[in-house]
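So you can see what is in the structure, the chains are spelled out below.
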There are 2 protein chains.
Amino acid sequence: MGMGEETRRAFVIVGHTQPTTPDFTLNDLPGSAGRLDVLARCVTAAFCLSHGLRKDVEVFLVLRDEVVVRFVGARLKRLNPDERSTGALIKHALQALQEGRAQSTPGVAVARWGLGEVLQELRSRGFSLYVLDEGGEDIREADLAARNAFVLSDHRNFTPEEETLLQEYPKLSLGPRVLHADHCIPIVHNELDRRFSPE
Amino acid sequence: MGMGEETRRAFVIVGHTQPTTPDFTLNDLPGSAGRLDVLARCVTAAFCLSHGLRKDVEVFLVLRDEVVVRFVGARLKRLNPDERSTGALIKHALQALQEGRAQSTPGVAVARWGLGEVLQELRSRGFSLYVLDEGGEDIREADLAARNAFVLSDHRNFTPEEETLLQEYPKLSLGPRVLHADHCIPIVHNELDRRFSPE
């Protein structure tokens, strides 16, 4: 998968129920597409600013530990803030995978990867990895690097296998309430925006 | 419009391009429904916790300064986190309005109100009102009351008429980047969650 070397923030969203093939309708993302709506909102929360996209962000959607769809902000051209059009980008990526292509639309890549490969790539590129977890250290108190990757789960908890892969990384908490993954992302961005001045 | 006296946080989202009648398709919320997707995401950002809904929240969607759709957490029964089903709740409310009913689904009310009436009601109920604005005081430094209402605009700026109605209220900033309204709401909740312990 192509790299985005200017990336300073990565979000890894671990999906447990979403399809790995494009056989779903955009009219029913929460139902027959297995809560693909959650992942779509995570993508837009990671990239969308009021005017424009965050270029220094990458998102990895891990689907059932079998397929990874990756969004690279530096190359992303088409991303609207709504769920349906973002769901369509994911669908196009899964179509590309079926046809043996690694790239679908600009800035969107796809591979037969699992969580392990994503973590390994991010580590090899020098990212500090963190797991968002309500039992972790308060993000406001944490000593964060300038190049971070945050791992979140979708509407399900991490599986025991995922927990094993993630146990070596520090856990960060955002606050006293347990939130949906897509609502965590703006809070993480906000903390980093306050610490590291915009490009 | 019925009150939710246990409400401690209110969000007023001022919409400029969304329909005031139910003649739109849920398949095209960003387009023919005039960016109704933004308002739908604001509703779910205001209410949805990982497990359950925030009961102490109210949301007022102001549509073209003509119609207000109101969601009361204490009475809300059906709210899924996706845009389409939330868009359907708004559509049902606009249908109710056409048929002369003030209530559509549980916890959702509708009236021929404008921004002025919403501000007046919130003031009369003892809310401290704030306008989210990138030029305001940092929310982390602000002396917030326990019962607050936050006014946000959709993808458009406030009109001069709205600015006039809002000029008496203090402005709060969330950080150095200008964000979509639906991404502001989790950040506001997070700050309040940290200050005021959960019910």
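Residues numbered from 1 in each chain as written. Chains lettered and ligands numbered in written order. Predicted model: local features only at pLDDT ≥ 70, side-chain atom pairs only at ≥ 80, totals over all residues. Heavy atoms only, no water.

> Explain the pairing of strand β8 (residues 148-153) of chain A here, please?
Residue and element names in this part refer to chain A. Counted residue by residue, β8 has six buried out of six residues, so it is predominantly covered. Here β8 shows no split at all, with Asn 148, Phe 150 and Leu 152 on one side and Ala 149, Val 151 and Ser 153 on the other all buried. With six bridges connecting them, strand β1 (residues 9-15) and β8 associate as parallel partners. Bridge pairing in β8 places Val 14 opposite Ser 153. (Buried < 20%, exposed > 50% of the residue type's maximum accessible area, 1.4 Å probe, protein only. Helix = DSSP H or I, 4+ residues; strand = E, 2+ residues; numbered from the N terminus. Pairing = 2+ DSSP bridges.)

> Even after reading the chapter, I still don't get the interface of chain B and chain A, so can you show me in this structure?
Counting from both sides, the interface comprises 35 residues of chain B and, opposite them, 35 residues of chain A. Between chain B and chain A lies a buried interface of about 3400 Å² when both sides are counted; carbon and sulfur atoms form 51% of it. When the area that chain B buries against chain A is broken down by residue, the three leading residues are Arg 140, Arg 177 and Arg 194 of chain B, summing to 22%. Seen at the junction of chain B and chain A, the total is four salt bridges. Residues Arg 140 of chain A and Glu 191 of chain B are paired through a salt bridge, measuring 2.6 Å at the closest nitrogen-oxygen approach. At the boundary of chain B with chain A, the tally comes to 17 residue pairs in polar contact (both at pLDDT 80 or more). Looking at the side of chain B that touches chain A, the elements with two or more residues in it are α1 (36-47), β2 (48-49), α2 (83-98) and α5 (181-195) of chain B. (Contact = heavy atoms within 4.5 Å. Buried area = accessible area lost by both parts, 1.4 Å probe. Salt bridge = Lys/Arg side-chain N within 4 Å of Asp/Glu carboxyl O. Polar contact = N/O pair within 3.5 Å; in protein donor to acceptor, adjacent residues only side chain to side chain.)

> Hey, could you run me through the sheet that holds strand β9 (residues 171-173) of chain A in this one?
Residues and elements named next belong to chain A. Strand order in the open sheet formed by seven strands is β6-β5-β4-β1-β8-β7-β9, and the pairing between neighbours is mixed. With one partner strand each, in any of the chains shown, β6 (108-111) and β9 form the two edges of the open sheet. On average, adjacent strands in this sheet sit at an angle of 30° to one another, irrespective of strand direction. Direction of pairing for strand β7 (residues 128-138) relative to β8: parallel, over a ladder of four bridges. Within the sheet, the bridge partner assigned to Leu 129 lies in β8 and is Ala 149. Against the sheet, helix α2 (residues 83-98) engages β4 (57-63), β5 (67-72) and β6, with an angle of about 125° to β5. (Axes fitted to C-alpha atoms, helices over the stretch in contact; angles between N-to-C directions.)

> What is the right way to look at the packing of aromatic side chains in this model?
Aromatic ring pairs are defined here through the distance separating the ring centres and the angle between the ring planes. Inspection of every chain in the model, using the stated rule, returns six aromatic pairs over all chains. Ring geometry for Phe 47 of chain A versus Phe 71 of chain A: centroids 6.5 Å apart, planes at 50°, classification tilted. Here Phe 47 of chain A is found in helix α1 (residues 36-47), whereas its partner Phe 71 of chain A is found in strand β5, with 24 residues between them in sequence. Given the relative accessible area of 0%, Phe 71 of chain A is considered buried. An angle of 25° between the planes, with centres 5.8 Å apart, marks the rings of Tyr 130 of chain B and Phe 150 of chain B as stacked. Placement of the pair is Tyr 130 of chain B in strand β7 (residues 128-138) and Phe 150 of chain B in strand β8 (residues 148-153), with a sequence separation of 20 residues. No difference in accessibility class separates Tyr 130 of chain B from Phe 150 of chain B, as the two residues are buried. Every member of this aromatic cluster is reached through a ring pair, and the members are Phe 11, Tyr 130 and Phe 150 of chain A. Positioned over the ring face of Phe 24 of chain B is Lys 91 of chain B, at 5.2 Å from the centre of the ring. (Phe/Tyr/Trp six-rings, centres within 6.5 Å; stacked < 30°, edge-to-face > 60°. Lys NZ or Arg CZ within 6 Å of the ring centre and 35° of its normal.)

> When you look at the nonpolar core in this model, what are you seeing that I'm missing?
A general feature of soluble globular proteins is that nonpolar side chains tend to end up buried together. Residues Phe 71 of chain A together with Phe 71 of chain B are the most contacted members of the largest nonpolar core, which totals 96 residues. Sequence-distant contacts of Phe 71 of chain A, that is, excluding residues within four places in its chain, are made with Val 43, Phe 47, Val 57, Glu 58, Val 59, Leu 61, Leu 76, Leu 89, Ile 90, Gly 107 and Val 108 of chain A. (Core = buried A, V, L, I, M, F, W, Y, C linked by side-chain atoms within 4.5 Å.)

> In this structure, what is going on with the relation of the copies chain B and chain A? I would like to understand it.
For the pair of chain copies, the relating operation is a rotation around an axis with a shift along it. Turning chain B through 180° and shifting it by 0.0 Å along the axis lays it on chain A, with an RMSD of 0.0 Å. The operation mapping one copy onto its partner corresponds to a two-fold rotation axis. No C-alpha of chain B lies nearer the rotation axis than that of Ile 187 of chain B, which sits 2.7 Å from it. Most of the interface of chain B is mirrored in chain A, where 100% of its interface residues again form contacts. (Least-squares fit on C-alpha atoms with pLDDT ≥ 70 in both.)

> When you look at the confidence of the model for chain A in this model, what are you seeing that I'm missing?
Detailed reading of predicted coordinates is not advised where the pLDDT is low. This prediction gives chain A a mean pLDDT of 95; 96% of its residues lie at or above 70. For this predicted complex, the interface score ipTM comes out at 0.96, alongside a pTM of 0.96. (pLDDT = per-residue confidence, 0-100.)

> Could you clarify how one ought to interpret α2 of chain B in this entry?
For an α-helix, the turn length of 3.6 residues means that residues three or four places apart are oriented alike. Here α2 of chain B contains 16 residues, and its C-alpha end-to-end distance of 23 Å stays within 8% of the 22 Å for a straight helix at 1.5 Å per residue. For α2 of chain B, the full list of buried residues reads Glu 83, Thr 86, Gly 87, Ala 88, Leu 89, Ile 90, Lys 91, Ala 93, Leu 94, Ala 96 and Leu 97 of chain B. Its buried side turned inward, α2 of chain B meets α2 of chain A together with α1, β4 (57-63), β5 (67-72) and β6 (108-111) of chain B. One or two positions beyond α2 of chain B, positive phi appears at Gly 100 of chain B, with a value near 80°. (Expected span 1.5 Å × (residues − 1).)

> Could you clarify how one ought to interpret helix α3 (residues 115-124) of chain B in this entry?
All names here are of chain B. For α3, the complete set of buried residues consists of Leu 115, Val 118, Leu 119, Glu 121 and Leu 122. All buried residues of α3 fall inside an arc of 165° around its axis, so they share one side. Along α3, exposed side chains directed more than 90 degrees from the buried face belong to Gln 120 and Ser 124. Summarising the contacts, the buried residues of α3 are in contact with β1 (9-15), β4, β5, β7, β8 and α4 (160-166). (Arc of directions from axis to C-beta.)

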